[in-house]
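Structure at a glance
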Amino acid sequence: MKFVQRRAGRYEFRFPLPDDLAGKPAPPPWPEALAALVNKRTGRFKTEVIRSLQTNDGPTADRRVLTHIAEAHRLVDQARRLLSEGLEAGISADQIAALARDHEIHLLGTDEVIGTKGIGLDMAREDGQGPHDGLGMTLDDLRAYRMRIEELDRYTRQQVAQMRPGESTSSFVNRAVEARGIALAPDDPAWRQLELAFAKAQRDALAGIRARLKGDDVATPERPSEQRSSEPAGLALSAALGLWSEAGGAGARRPQPSSVAEAERAMRRFIELNGDVPITAITKAHARAFRDALVRLPKALPTRLGRLPLPKLLKQDLSNYPRRNAQTVNKTLALLSGVLARAERDGHFEALPAWSNPFHIGFDVAPAEREPYEPFSAAELQRLFASPVYARGERPLGGQGEAAYWFPLIALFSGARRTEIAQLKIGDVRQGENEIWYLDITNEGDDQNLRVCPGRICFFGARCGSRRQAYT
């Protein structure tokens with residue numbers, strides 16, 4: 001696959017930047033979304049982008065690289081627009097008001113989260129820690145938080161009265177301007193207008209928070225929709241997954257049923273945690289919270305727990321159940337990343353020029369855990385062939401009779417996956433022209449599938465056709 005290279009036994013995505021960008025100066029301040037293309041030390045565009053695909057399996061690398069290719073081309077298009085059109089110069093009064101309003105909404109939303117989950121203080125206890133069950137504030141939480149809000153309110157009102165915003169307000173303004181790719185000269189009067197607007201927005205937000213702490217109802221305003229008028233609500237995650245699983249008309253390459261089922265389970269858990277939000281509203285904060293929740297979720301659960309919604313499930317004592325590993329979490333994130341990548345190809349993110357896939361936040365798997373298979377030891381082989389299936393010819397009903405005998409043997413000598421062995425038929429045992437018998441593992445039937453890239457891969461390293469041959 002183009003843009004895939006192998007180094008030190010691992011596959012990487014390597015994308016050379018086109019000549020009109022490679023090594024060219026990047027006009028500061030460049031949008032944060034283009035940081036992956038810019039060398040911060042030299043202030044120039046890189047000559048190439050290299051990212052680990054976190055696998056040593058070629059077919060897996062070929063699948064994973066597709067989302068990286070799409071993202072790289074999108075960033076190149078954005079960088080070209082930056083060079084030809086430049087950053088948005090100056091800022092209008094409406095933009096200043098919108099940025100300040102966003103700041104107020106952010107502060108009120110943060111307060112709402114704190115009030116809902118609590119802090120967990122209990123000064124009567126020696127360790128000072130109280131119940132942190134996500135069911136609101138303790139009395140000590142309320143006292144400490146009210147004291148902090150009163151202090152911030154006095155400080156903010158003093159800034160507004162003096163017309164001299166402080167450093168914390170300036171940092172909020174800098175982040176907001178940088179995130180939106182707005183270019184302002186250091187001596188532009190818009191800086192002062194923005195800082196004053198942010199200070200007043202913070203004053204208004206703190207007034208609402210103080211009212212909440214007195215028991216009044218103060219709603220967090222909704223952010224203005226950034227969707228185009230033709231798409232006011234945006235495509236929901238559940239609808240995006242439906243488009244991904246359907247893949248298109250007749251002849252289109254579809255995801256495997258097992259992948260669709262796994263993606264549906266992942267989507268259900270994500271919706272339980274964050275709601276069925278429009279895909280354009282999904283941020284890395286959403287994805288990060290989901291990833292961290294998956295880490296706490298065990299590999300398997302009894303039915304009574306498995307049916308609980310994710311927020312309620314995470315409140316249970318799950319310490320007695322084995323935790324899932326980082327590779328499993330990364331696989332779940334990759335499925336949802338693929339759903340959004342398909343939506344991006346369909347143009348659902350065109351209104352967000354700085355969009356990047358929020359599910360690209362997988363864990364770096366430890367080298368000792370990366371290799372999924374290990375060879376059998378002599379003791380393991382002795383234990384296997386000393387079992388009643390081989391020693392006394394028993395055929396347990398739970399092992400589907402003869403399958404208990406043949407599955408381990410075929411897996412041992414062929415290296416085939418269990419799902420590939422399970423789909424074998426008598427007609428798949430064939431003899432080639434050279435009179436060598438082999439198992440023909442194919443994806444040609446409606447009830448058969450193959451989890452490798454198309455290509456017949458035999459044990460001699462040949463590649464020919466769309467099947468795997470296990471020679472005996």
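You'll find the structure just up there.
All figures in this text were calculated on a predicted structure; none of them were measured in a lab.

Take the overall build of the protein chain next. The helix and strand tally for the protein chain stands at 16 helices and ten strands. Classification of the 472 residues of the protein chain by burial places 36% in the buried group. Restricting the contact set of the protein chain to residue pairs at least 6 apart, pairs at least 24 apart contribute 59%. Summing over all exposed atoms, the protein chain offers an accessible surface of approximately 27,800 Å²; the carbon and sulfur share of this is 53%.

Here the focus is empty space enclosed by the protein. What the rule picks out here adds up to two cavities of 30 Å³ or more. One number sums up the size of the largest cavity: a volume of about 40 Å³. Considering the residues around the largest cavity, the lining is formed by Thr-67, Ala-70, Glu-71, Ala-341, Glu-344, Trp-355, Asn-357 and His-360. Secondary structure elements with two or more residues in the lining of the largest cavity: helix H1 (58-85) and helix H11 (326-345). With three residues, H1 is the single largest residue contributor to the lining of the largest cavity.

So, about the pairing of strand E2 (residues 10-16). Within E2, five of the seven residues are buried, leaving the element largely enclosed by the surrounding structure. Where strand E1 (residues 4-7) and E2 come together, four bridges link them in antiparallel fashion. Directly across from Arg-7, in E2, lies its bridge partner Arg-10. Connecting E1 to the antiparallel partner E2 that follows it, the hairpin turn spans two residues, and Ala-8 within it adopts a positive phi of roughly 55°. Inspection of the sheet shows E2 paired to strand E5 (residues 48-52) by five bridges, in the antiparallel sense.

Attention now moves to the pattern of salt bridges. Taken as a whole, this structure holds 20 salt bridges when the rule is applied. Glu-151 is the salt-bridge partner of Arg-148, the closest N and O atoms lying 3.6 Å from each other. Here Arg-148 and its partner Glu-151 are both found in helix H3 (residues 139-162), three residues apart, which amounts to about one turn of the helix. On the accessibility criterion, Arg-148 (42% relative accessible area) is partly exposed. The shortest N-O distance in the salt bridge between Asp-153 and Arg-210 comes to 2.8 Å. Of this pair, Asp-153 sits in helix H3 while Arg-210 sits in helix H5 (residues 190-213); the two residues are 57 residues apart in sequence, bridging distant segments of the chain. Since its relative accessible area comes to 25%, Arg-210 is described here as partly exposed. Salt bridges sharing common partners tie together Glu-150, Asp-153, Arg-157 and Arg-210.

On to the environment of Thr-116, then. Here Thr-116 lies in helix H2 (residues 93-117). By relative accessible area, which is 47% here, Thr-116 ends up partly exposed. Taking the C-alpha atoms as reference points, Thr-116 and Gly-136, separated by 20 residues in sequence, lie 4.7 Å from one another. A distance of 2.8 Å separates a polar side-chain atom of Thr-116 from the backbone oxygen of Glu-112.

Right, let's talk about the packing of H2 against H5 for a bit. Relative to each other, H2 and H5 sit at 30°, their axes nearing to 8 Å. Comparing their axes, H5 and H2 come out roughly parallel. Relative to H5, H2 is oriented so that their crossing is right-handed. Packed against H2, whose contacting residues are Ile-96, Leu-99, Ala-100, His-103, Glu-104, Leu-107, Leu-108, Asp-111 and Glu-112, the element H5 presents Gln-193, Leu-194, Ala-197, Phe-198, Ala-201, Gln-202, Asp-204, Ala-205, Gly-208, Ile-209 and Arg-212 at the interface.

Before going further, it helps to examine the nonpolar core. Core analysis: the biggest nonpolar cluster contains 36 residues, and Ile-279 and Phe-359 have the highest contact counts within it. Here this core takes seven residues from H11, the largest share from any one element. With residues near it in sequence (within four places) discarded, Phe-359 still touches Phe-270, Ile-282, Ala-287, Phe-290, Leu-333, Leu-336, Ser-337 and Leu-340. Counting residues in each nonpolar core, the second largest holds 21 residues, with Tyr-11, Val-38, Val-76 and Ala-79 among its members.

Pairing within the open sheet is antiparallel, and its three strands lie in the order E1-E2-E5. Both edges of this open sheet fall to E1 and E5, since each of them pairs with a single strand only. Taken pair by pair, the neighbouring strands of this sheet meet at an average axis angle of 35°, ignoring direction.

Moving on to the packing of aromatic side chains. Two measures describe an aromatic ring pair: the distance that separates the ring centres and the angle between the ring planes. Per the counting criterion, the structure on display carries eight aromatic pairs. Seen from their ring centres, Tyr-405 and Trp-406 are 5.1 Å apart, and the 85° between their planes marks the pair as edge-to-face. Residue classification places Trp-406 among the partly exposed residues on the basis of a relative accessible area of 47%. Counting every residue linked through ring pairs, the aromatic cluster contains Phe-385, Tyr-390, Tyr-405 and Trp-406.

As for its placement among the helices and strands, Glu-344 is situated in helix H11. Setting aside its immediate chain neighbours within four residues, Glu-344 contacts Ala-70, Arg-74, Phe-349 and Trp-355.

A few words now on the environment of Phe-15. Tracing the backbone through its elements, the reader meets Phe-15 in strand E2. Phe-15 sits 53 residues away from His-68 along the chain, and the two C-alpha atoms are 9.1 Å apart.

About the cut-offs
Residues numbered from 1 in each chain as written. Predicted model: local features only at pLDDT ≥ 70, side-chain atom pairs only at ≥ 80, totals over all residues. Heavy atoms only, no water. Helix = DSSP H or I, 4+ residues; strand = E, 2+ residues; numbered from the N terminus. Buried < 20%, exposed > 50% of the residue type's maximum accessible area, 1.4 Å probe, protein only. Contact = heavy atoms within 4.5 Å. Areas by Shrake-Rupley, 256 points an atom, 1.4 Å probe, with all protein chains shown as cover. 1 Å grid on protein atoms, 1.4 Å probe; cavity = no way out; pocket = protein on both sides within 12 Å on 5 of 7 lines; lining within 4 Å. Points joined across faces, edges and corners; volume = space filled by probe spheres on them. Pairing = 2+ DSSP bridges. Salt bridge = Lys/Arg side-chain N within 4 Å of Asp/Glu carboxyl O. Polar contact = N/O pair within 3.5 Å; in protein donor to acceptor, adjacent residues only side chain to side chain. Axes fitted to C-alpha atoms, helices over the stretch in contact; angles between N-to-C directions. Parallel < 35°, antiparallel > 145°, perpendicular 65-115°, else oblique. Left-handed = near helix turned anticlockwise from the far one by under 90°. Core = buried A, V, L, I, M, F, W, Y, C linked by side-chain atoms within 4.5 Å. Phe/Tyr/Trp six-rings, centres within 6.5 Å; stacked < 30°, edge-to-face > 60°.

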